[in-house]
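# Observations on the model geometry
Below are the chains, spelled out letter by letter.
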Amino acid sequence: MTIAGWETLPSALAAHLAISAAALALALLVATPLVLLMPGRPWLRRMVMGLASVVQTVPALALLALFFPLLVLFRNLTGLPVPSLGLLPSLLALALYALLPLLRGGAGGLAAVPDSVSDAARAIGMSPAQRLFHVELSLAAPVVMGGVRTAAVWTIGAATLATMVGQESLGDLIFAGLQLQDWKQVLLGCFAAATLALVADGALGWVQAGIAQRRLAPAAKGLALLVLLSLGVTGWWLNSRPDTTARPVLIGTKTFSEQYILAELIAADLKHDGVATGVRSGLGSGIAFKSLAAGGIDISIDYTGTLWTQALERTDVVPREQMLPIVTRELKARYGVTVAARLGFENAYALAMRRADATRLGVRNISDLARVSGKLKLATDLEFLSRSEWAGLRQSYGLQFASMRAFTPVLMVAALKDGAADVITAYSSDGALAGADIVLLIDDRAALPAYDALLLVAPGRDDLVRRLARYEGRISVDKMRVANWQADRPANKRSPVEAAQWLAKETGLQR
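Residues numbered from 1 in each chain as written. Predicted model: local features only at pLDDT ≥ 70, side-chain atom pairs only at ≥ 80, totals over all residues. Heavy atoms only, no water.

For the rest of this paragraph, the subject is the packing of aromatic side chains. Using the criterion set out here, one finds 10 aromatic pairs in the structure. Arranged with centres 5.5 Å apart and planes meeting at 40°, the rings of Y349 and Y427 form a pair that is tilted. On the criterion of sequence distance, the pair formed by Y349 in strand β5 (residues 349–354) and Y427 in strand β8 (residues 423–427) is long-range, its members being 78 residues apart. Exposure class is identical for Y349 and Y427. Each is buried. Members of the aromatic cluster, each reached through a chain of ring pairs, are F256, Y303, Y349, F384, W390, F401, Y427 and Y451. The ring of W206 has K221 sitting right over it, with the charged end atom 5.0 Å from the ring centre. (Phe/Tyr/Trp six-rings, centres within 6.5 Å; stacked < 30°, edge-to-face > 60°. Helix = DSSP H or I, 4+ residues; strand = E, 2+ residues; numbered from the N terminus. Buried < 20%, exposed > 50% of the residue type's maximum accessible area, 1.4 Å probe, protein only. Lys NZ or Arg CZ within 6 Å of the ring centre and 35° of its normal.)

On the secondary structure map, Q310 appears in helix α12 (residues 304–311). Using a relative accessible area of 31% as the deciding quantity, one classes Q310 as partly exposed. Separated by 21 residues in sequence, Q310 and F289 place their C-alpha atoms 9.2 Å apart.

There is a patch of nonpolar side chains on the surface, built from W43, M47 and L51 and spanning about 360 Å² of accessible area. You can see M47 is positioned in helix α2 (residues 42–57). A residue is classified by how much of its surface remains accessible, and M47, at 45% relative accessible area, is partly exposed. (Patch = residues over 30% accessible without salt bridge, like charges linked within 9 Å, V, L, I, M, F, W, Y side chains within 5 Å. Areas by Shrake-Rupley, 256 points an atom, 1.4 Å probe, with all protein chains shown as cover. Salt bridge = Lys/Arg side-chain N within 4 Å of Asp/Glu carboxyl O.)

What follows covers the pairing of β5. Of all six residues in β5, five are buried, a share of seventy percent or more. Alignment of β5 against β8, held across five bridges, turns out to be antiparallel. Looking at β8, one finds that A350 is bridged to A426. The pairing of β5 with strand β9 (residues 438–440) spans three bridges and is classified as antiparallel. Looking at β9, one finds that A352 is bridged to L440. (Pairing = 2+ DSSP bridges.)

Next up, the structure:
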């Protein structure tokens, strides 16, 4: 049986290696002149090392996320077509992350050169530049290479997080596996990243040993291994690609099972017509839509309520029959994004409790919950507390919980069952609701907008709009919930591909 994620491993591995190598090369270009300028300038060393240390204290994921608004601001100020998602923010953030070990290795290596050696070189009439390039760098090289090894391992590890800003990497496998609780897929992504880091570290270790021993053979062996690694990964990726020169249609997904299943459903449908496809998984809500509007992906699955509050920045709530026409019109006018189909089900935000607790406390709706919320623990997904939906709920009902914690969506029902939470944010199409004794609380004051599932198409892809029109109203919430449960259930779990095949058959979308 093939492990989920194996088919996409060559592409993810090649992208991971490429972004890591490019980031390390960029960091070396920045660090090298700074290290060469440090001797004799202690103020420069303190300033540069201090700034690099500050950057290192920022979590890698936060550093990646920060480059999005910075690049948007730069694009707005200069008018240049600078991409704010995908490759560029990943490259810049990872390069910054690699700077500190490179600077420490370079500065530390030069500082370790004995004063007696520098004095001897000065005594025979060497200039400062000659001492640096002919004596000091030669002695410092092994320590410098130690910094390069550390930077390489850090960069390869941090590159898994590039998935979150729309850059393909081995993080695609890890985040998808975590959401689906497919631990084989998680281990596959982790094993591939660890192997890549270990091979790179070992190869650079040979280079370091060759430099330290003044022997060509170990250094040549290390460089040869790096070349073989690059050629092997590239060859595997090229061999795994479909026999087409056309750019594949990229389907973007957020970080939950429903998105993975629908992406595989659409991908299989397009492949039936001979269209090459790819899935870019693990994108946050805002990142997914911005990537679609910028043409970084071609198709995404989104929801009217999310688009209403995030893309259109609306805070009011209107009836469902009014919301969809407004969303359709405004997305096209503002972003050039087309609503290709309304799938036929709603995946609405809701608050949920254990049925026994709701009965004991007399809670049927959110107004009832507000009376007792001060005694209860709330668990939400990673986005909810920063979204306008939460602000609307809190304002409408005056909710004040004893504590609030964020979980990945797939773990929220488990948190409820285990007693880590008394109330959770749930989704009306969540498959886990079919396998648990949980009650959804009625939004009796209509504080939450509708969340009809939509297929969105990037600007300029009218060909895809025509292909996807047949999905209009074809998937019911009951069918979607069952498909989600197939991927989420703890036993006899199906992969998103298998769940998508079942859904295609049940909805008549199979061809």
